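These are the residues of each chain, in order.
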Amino acid sequence: MNYWLMKSEPEAYSIVDLQQQKETIWDGVRNYQARNFLRLMDQGDLAFFYHSSTNPPGIAGLMRVVKKDIADPTQFDPESKYYDPKSSSELPRWQTVVVEFVETFSNPILLSILKEKFSAEELMLVRQGNRLSVMPVPEAVAFKILAMKTS
């Protein structure tokens, strides 16, 4: 199993939304490196749900990948802000996954705490200038983060 961190602005889609809906397609990713990480995900992988662009930002909970290699439907919708006219159903440029709710953390693990506990080499999230919305989390770091949610 692999571990990931996936960002969403809580005003757009939050851990509470996922909890209510049980599962969702993680659509709208339009960064090639983040897309490539989505392509590497496997069914059963766990992802930390990170609330970004909020005060304070942090990991709000946990979700699981339940379907992989999904063509992001927003790339085909001319009404979507994620529409990509260069993409076709035969050769979609943007793939994604479906995730399901696992749990909400009673206390979010704030970015400030993550910066104290992990170096930029350990956790991509704390690297200066990192704007990726999807990134891998090494297993050892994931275990430490999971231990932090109960302390």
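For the structure, see preceding data.
Residues numbered from 1 in each chain as written. Predicted model: local features only at pLDDT ≥ 70, side-chain atom pairs only at ≥ 80, totals over all residues. Heavy atoms only, no water.

Q: Lay out the overall build of the chain in plain terms, naming residues and giving numbers.
A: On a plain count of helices and strands, the chain comes out with four helices and six strands. The helix and strand sequence of the chain, counted from the amino end, reads β-α-β-α-β-β-β-α-β-α. Overall, the C-alpha framework of the chain stretches about 45 × 35 × 30 Å when taken along its three principal axes. The buried share of the chain, reckoned over its 151 residues, is 44%. Put simply, the chain shows about 8200 Å² of open surface, and 49% of that area lies on carbon and sulfur atoms. Treating the 17 positive side-chain charges of the chain as one cloud and the 19 negative ones as another, the clouds have centres 4 Å apart. (Helix = DSSP H or I, 4+ residues; strand = E, 2+ residues; numbered from the N terminus. Buried < 20%, exposed > 50% of the residue type's maximum accessible area, 1.4 Å probe, protein only. Areas by Shrake-Rupley, 256 points an atom, 1.4 Å probe, with all protein chains shown as cover. Lys, Arg positive; Asp, Glu negative; His and termini not counted. Charge placed at Lys NZ, Arg CZ, Asp CG, Glu CD.)

Q: Residues and numbers for the sheet that holds strand 2 (residues 23–25), please.
A: Taking strand neighbours across the sheet as the criterion, the six strands line up as 2-5-4-3-1-6 in an open arrangement whose pairing is mixed. The sheet terminates laterally at strand 2 and strand 6 (134–137), the two strands that pair on one side only. Taken pair by pair, the neighbouring strands of this sheet meet at an average axis angle of 35 degrees, ignoring direction. In this structure, strand 1 (residues 3–8) lies alongside strand 6, joined through four bridges in antiparallel fashion. Bridge pairing links Leu5 to Met135 in strand 6. (Pairing = 2+ DSSP bridges. Axes fitted to C-alpha atoms, helices over the stretch in contact; angles between N-to-C directions.)

Q: Give me the environment of Phe143: which residues, what numbers.
A: Secondary-structure assignment places Phe143 in helix 4 (residues 139–148). Expressed as a C-alpha distance, the spacing of Phe143 and Ser119, which sit 24 residues apart in the sequence, is 15 Å.

In short, geometric facts, not functional conclusions.
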